[in-house]
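Coordinate inspection notes
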Amino acid sequence: MDIKTATSLRRLRLVSAPEAVSFLILLLCSVLKRTTDFNAVPVMGAIHGVLFVLYVIFWADAWNRAKWPLKTAALYFVLSVLPTGGFFAERKLRREAEDAVIAARARKEGAVNA
């Protein structure tokens, strides 16, 4: 894996969890808006919107660079629209990055001819 691919995957991973947190907070704000006089939906909606747009941009870049199959790319996109999906995406991306580092070290040491 080259450095640009690793960087694009890292960016996607780093925005996944905050996007999921903002989605959950937005849902909470929506409930509070309807049950109390507290209305933070416009502010949280804007924050979540920015994070979601960043996620989609980083997702498209990662898909392009990592050459994911359509199934993998679709999975990461679907995870972005589920309330807790960003946490699962972050965990899966972290595992992929760790596996890539292990494989790179093995190739460097000559243990694997891949």
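The paragraphs below set out a description of the structure included in this document. Everything numeric here is computed off the predicted structure, so don't read it as measured data.

1. Some points on the packing of aromatic side chains
This structure, assessed with the given rule, holds 3 aromatic pairs. Measuring from ring centre to ring centre gives 5.2 Å for W59 and W63, while their planes differ by 40 degrees; the resulting arrangement is tilted. Within this pair, W59 and its partner W63 are both found in helix α2 (residues 41-66), separated by 4 residues, close to a single helical turn. W63 gets classed as partly exposed once you look at its relative accessible area, which sits at 30%.

2. Looking at the nonpolar core
The biggest cluster of nonpolar side chains holds 14 residues, and the ones touching the most others in it are L12, Y55, W59, W68, Y76 and L93. Put simply, the parts of the chain that give this core at least two residues each are α1 (3-35), α2, α3 (70-81) and α4 (85-109). Broken down by element, this core gets its largest block of residues, 5 residues, from α2. Setting aside residues up to four positions removed in sequence, W59 forms contacts with L12, W68, A73, Y76 and F77. In terms of nonpolar packing, the next biggest core, distinct from the first, is built from 5 residues, L26, A40, V41 and M44 among them.

3. Some words on the environment of L82
Within the element layout of this structure, L82 appears in the loop between α3 and α4. Exposure remark for L82: the relative accessible area of 39% places this residue in the partly exposed category. Expressed as a C-alpha distance, the spacing of L82 and F23, which sit 59 residues apart in the sequence, is 8.6 Å.

4. Quick look at α2
Here α2 is 26 residues long and its end C-alpha atoms lie 35 Å apart, about the 38 Å a rise of 1.5 Å per residue gives. The set of residues buried in α2 consists of V41, M44, H48, L51, Y55, F58, W59, D61 and A62. In this fold, the buried residues of α2 make contact with α1, α3 and α4. Directly after α2, the chain includes K67, whose backbone phi takes a positive value near 55 degrees.

5. Here we look at the side chain of S16
Tracing the sequence through the fold places S16 in helix α1. Residue classification places S16 among the buried positions, given a relative accessible area of 0%. A distance of 2.7 Å separates a polar side-chain atom of S16 from the backbone oxygen of L12. Setting aside anything within four residues of it in sequence, one finds S16 in contact with Y55, G86, A89, E90 and L93.

Rules and cut-offs
Residues numbered from 1 in each chain as written. Predicted model: local features only at pLDDT ≥ 70, side-chain atom pairs only at ≥ 80, totals over all residues. Heavy atoms only, no water. Phe/Tyr/Trp six-rings, centres within 6.5 Å; stacked < 30°, edge-to-face > 60°. Helix = DSSP H or I, 4+ residues; strand = E, 2+ residues; numbered from the N terminus. Buried < 20%, exposed > 50% of the residue type's maximum accessible area, 1.4 Å probe, protein only. Core = buried A, V, L, I, M, F, W, Y, C linked by side-chain atoms within 4.5 Å. Contact = heavy atoms within 4.5 Å. Expected span 1.5 Å × (residues − 1). Polar contact = N/O pair within 3.5 Å; in protein donor to acceptor, adjacent residues only side chain to side chain.

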